[in-house]
Amino acid sequence: VWLQAQSNLAKVLTHQTFNTWIEPIKYLGSKRNVLLLEAPNQFVRDRVSESYLPMILESVQSLTDSQTKIELLIAKPKLEKPKQPAAPEAAAAEPETCAGPDHSTNLNPKYTFDTFVCGGSNQFAHAAAQSVANSPAGKYNPLFIYGGVGLGKTHLLNAIGNHVLSVNRKARICFYTSEKFMNELINCLRYQKMDQFRNKFRKMDILLIDDIQFIAGKERTQEEFFHTFNSLYESHKQIVVTSDKFPKDIPGLEERLRSRFEWGLIADIQAPDTETKVAILRKKADADHISLPDDVALFLASSSTTNVRELEGMLIRLGAVSSLTGKNITLDMAREVLKDIIVDKSKEITVEMIQKFVAEHFGLKVADLKSDKRLKALVIPRQIAIYLCRDLTKSSYPEIGERFGGKDHSTIIHSVKKVEKLLSQDFELRNTVDTLRKGLLS
Ligand code: ADP
Ligand code: MG
């Protein structure tokens, strides 16, 4: 995968950029959906994380799936490499050992409140994060931030840590993904260093755990996290976790953890609206010195993706093409460069495709969607299908009505309005509609 991704990147980056930054990156291995890559040194790693990671991720995800993540590690100097002839495989895939006294916070200094664009979709989570950063272990403990992929959870989590650190350089903060927490736990168990493990986490002032959903189903990790949580909570230390789901909706999450997450504040991040997407793109373009015309910003923002990382990837790609060709970014260039990503498939999608897709998703028959049956289990899927027809096809209300068993156009309008209203109120429904739309467009 990595070789393929590299060769794809070689096509869009300048020769020099590619040779300097992408070529030296080595593939170490992968565990579950995480691709482990290794940069030769800190400098390359920082530079790549800063400028090319979204692009790399996009490239890798397009070859695997959208859940794939990348961990970019720094090559250890050869001398320090511990000799472990017993399990070279595991050693390669698990370069992190049980950390002893670890003073690094793991925070990403790029992710601050300054670089975060606050819009309607993330206002609440942003305010909650700021409040926690300004008074840790105050009103909102724990803080639980949840939302879909690429909506800024990791960014906000880091921003809290970075802010606290900027006020108090001595604050003991650690940022961990739940997977890293688990790996470290496993290593400490293996080498019988559990005391070290416990001491390390329990002396923190602020514990930031990213993507907590991954500990679901992992008994020992949940158990250990539970004790860490209690110990920190009792000593009035701040805990912040993020997740892609509401606590109640994380399958395999122990009840006692779930209830603790609900003790504090739960804040969601919604998909950004077009204006927020534009604002994020502007900010990013300014930071990267990319000159981005308004119409192009709007073009990118109006793409169906709500994943900010994908948006950033598009911008970086445009920036690369622009500097490669020496031409300014224009709408035509954007259309051309991003034609594989921003596909205007609306012409190709038909009412029949939508009916079939929605019916399959809900395990219903197409005939049920077209019928007039008022069963609850049918009404919502039917309304969603109608809404998507209106959204993704050029069909008029009467035409849609015709294809839905000869319904009156006012029924169709009612369905569309109903779904529009629900979209602004019902997070789950919104997710479902987003998933369906993505599925249809891909
Ligand atoms: P998540 O953890 O929710 O999947 P991330 O925090 O990793 O998402 O965000 C993905 C990318 O989008 C990051 O580069 C982040 O800086 C950027 N991003 C997301 N939301 C915003 C925002 N509101 N303002 C600025 N950048 C954002
Ligand atoms: Mg994240």
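- By the naming in an unreviewed UniProt entry, the protein goes by Chromosomal replication initiator protein DnaA and is assigned to Geobacter soli.
- Comment text from UniProt for the protein, heading Sequence similarities (unreviewed entry), reads "Belongs to the DnaA family."
- Looking at the protein in UniProt, the text filed under Subunit (unreviewed entry) is "Oligomerizes as a right-handed, spiral filament on DNA at oriC."

## Comments concerning the pairing of strand S1 (residues 26-31)
Now for step 1: Two elements, S1 and strand S2 (residues 34-39), share five bridges in a ladder whose sense is antiparallel. For Lys 26, the partnering residue across the bridge sits in S2 and is Glu 38.
Now for step 2: Between S1 and S2, which follow one another and run antiparallel, lie two residues, and Arg 32 among them has a positive phi close to 40°.

## A short note on the sheet that holds strand S4 (residues 143-147)
Now for step 1: One open sheet accounts for five strands, arranged S5-S6-S7-S4-S8; its pairing is parallel. Edge positions in the sheet fall to strand S5 (173-177) and strand S8 (265-269), since each of these pairs with one other strand and no more. Neighbour-to-neighbour, the strand axes of this sheet turn through a mean angle of 15°, independent of strand direction.
Now for step 2: In the sheet, S4 pairs with S8 via five bridges, with the strands oriented parallel. For Tyr 146, the partnering residue across the bridge sits in S8 and is Asp 268.
Now for step 3: Here helix H7 (residues 153-167) sits on the sheet in contact with S4, S5, strand S6 (206-210), strand S7 (238-243) and S8, set at roughly 165° to S6.

## Considering the side chain of Lys 277
Now for step 1: Within the secondary structure layout, Lys 277 lies in helix H12 (residues 274-287).
Now for step 2: One buried charged residue, Lys 277, remains without a salt bridge, the closest side chain of opposite sign being Asp 273 at 8.4 Å.
Now for step 3: Not counting the four nearest positions on each side in its chain, Lys 277 is found in contact with Pro 272, Ala 301, Ser 303, Ser 304, Thr 305 and Leu 311.

## Observations concerning the site of ligand 1
Now for step 1: Close contacts around ligand 1 come from 17 residues, with Val 117, Gly 150, Thr 154, His 155 and Arg 309 the closest.
Now for step 2: In the model, a nitrogen atom of ligand 1 is placed 2.7 Å from a nitrogen or oxygen of the Val 117 main chain.
Now for step 3: The side chain of Thr 154 places a nitrogen or oxygen atom 2.6 Å from an oxygen atom of ligand 1.
Now for step 4: Considering ligand 1 on its own, with 560 Å² of exposed area, one finds that the protein chains cover 93% of that surface.
Now for step 5: Sorting the residues of the shell around ligand 1 by element identifies H7 and helix H14 (308-325) as the ones contributing at least two each.

## Looking at the sheet that holds strand S3 (residues 69-74)
Note on sheets: strands pair through backbone hydrogen bonds, and any given pair is parallel or antiparallel.
Now for step 1: Strand order in this open sheet of three strands is S1-S2-S3, and the pairing throughout is mixed. With one partner strand each, in any of the chains shown, S1 and S3 form the two edges of the open sheet. The average angle at which neighbouring strand axes cross in this sheet is 25°, direction not considered.
Now for step 2: Examined bridge by bridge, S2 and S3 share six bridges and lie parallel to one another. Opposite Glu 38, over in S3, you have Leu 73 as the bridge partner.
Now for step 3: Sheet contacts for helix H4 (residues 53-63): S2 and S3; angle to S3, the most-contacted strand, approximately 130°.

## What about the nonpolar core?
Now for step 1: Core analysis: the biggest nonpolar cluster contains 26 residues, and Ile 209, Ile 212, Phe 225, Val 241 and Phe 261 have the highest contact counts within it.
Now for step 2: Those elements that provide at least two residues to this core are S4, S5, helix H8 (178-190), helix H9 (194-202), S6, helix H10 (219-234), S7 and helix H11 (255-261).
Now for step 3: Sorting elements by how many residues they give to this core places H10 first, with four residues.
Now for step 4: Each residue touching Ile 212, except ones within four places of it in the same chain, is listed here: Phe 144, Ser 178, Phe 225, Val 241, Thr 242, Ser 243 and Phe 261.

## What to know about the side chain of Asn 162
Now for step 1: For Asn 162, the position within the fold is in helix H7.
Now for step 2: Those residues in contact with Asn 162 that lie beyond four places of it in its chain are Leu 107, Asn 108, Pro 109, Tyr 111 and Thr 112.

## Considerations on the pattern of salt bridges
Now for step 1: Under the counting rule described, the total for this entry stands at 23 salt bridges.
Now for step 2: In this structure, the salt-bridge partner of Arg 282 is Asp 294, at a minimum N-O distance of 2.4 Å. Placement of Arg 282 in helix H12 and of Asp 294 in helix H13 (residues 294-301) is noted, with a sequence separation of 12 residues between them.
Now for step 3: The shortest N-O distance in the salt bridge between Arg 437 and Asp 434 comes to 3.4 Å. Note that Arg 437 and Asp 434 are positioned in helix H21 (residues 427-441) at a spacing of three residues, about one turn of the helix.
Now for step 4: Put simply, Arg 198, Arg 202, Arg 220 and Glu 224 are held in one network by salt bridges that share partners.

About the criteria used
Residues numbered from 1 in each chain as written. Chains lettered and ligands numbered in written order. Predicted model: local features only at pLDDT ≥ 70, side-chain atom pairs only at ≥ 80, totals over all residues. Heavy atoms only, no water. UniProt positions renumbered as here; feature names shortened; annotations may be inferred. Pairing = 2+ DSSP bridges. Helix = DSSP H or I, 4+ residues; strand = E, 2+ residues; numbered from the N terminus. Axes fitted to C-alpha atoms, helices over the stretch in contact; angles between N-to-C directions. Contact = heavy atoms within 4.5 Å. Buried < 20%, exposed > 50% of the residue type's maximum accessible area, 1.4 Å probe, protein only. Lys, Arg positive; Asp, Glu negative; His and termini not counted. Salt bridge = Lys/Arg side-chain N within 4 Å of Asp/Glu carboxyl O. Near = heavy atom within 4 Å. Polar contact = N/O pair within 3.5 Å; in protein donor to acceptor, adjacent residues only side chain to side chain. Areas by Shrake-Rupley, 256 points an atom, 1.4 Å probe, with all protein chains shown as cover. Core = buried A, V, L, I, M, F, W, Y, C linked by side-chain atoms within 4.5 Å.

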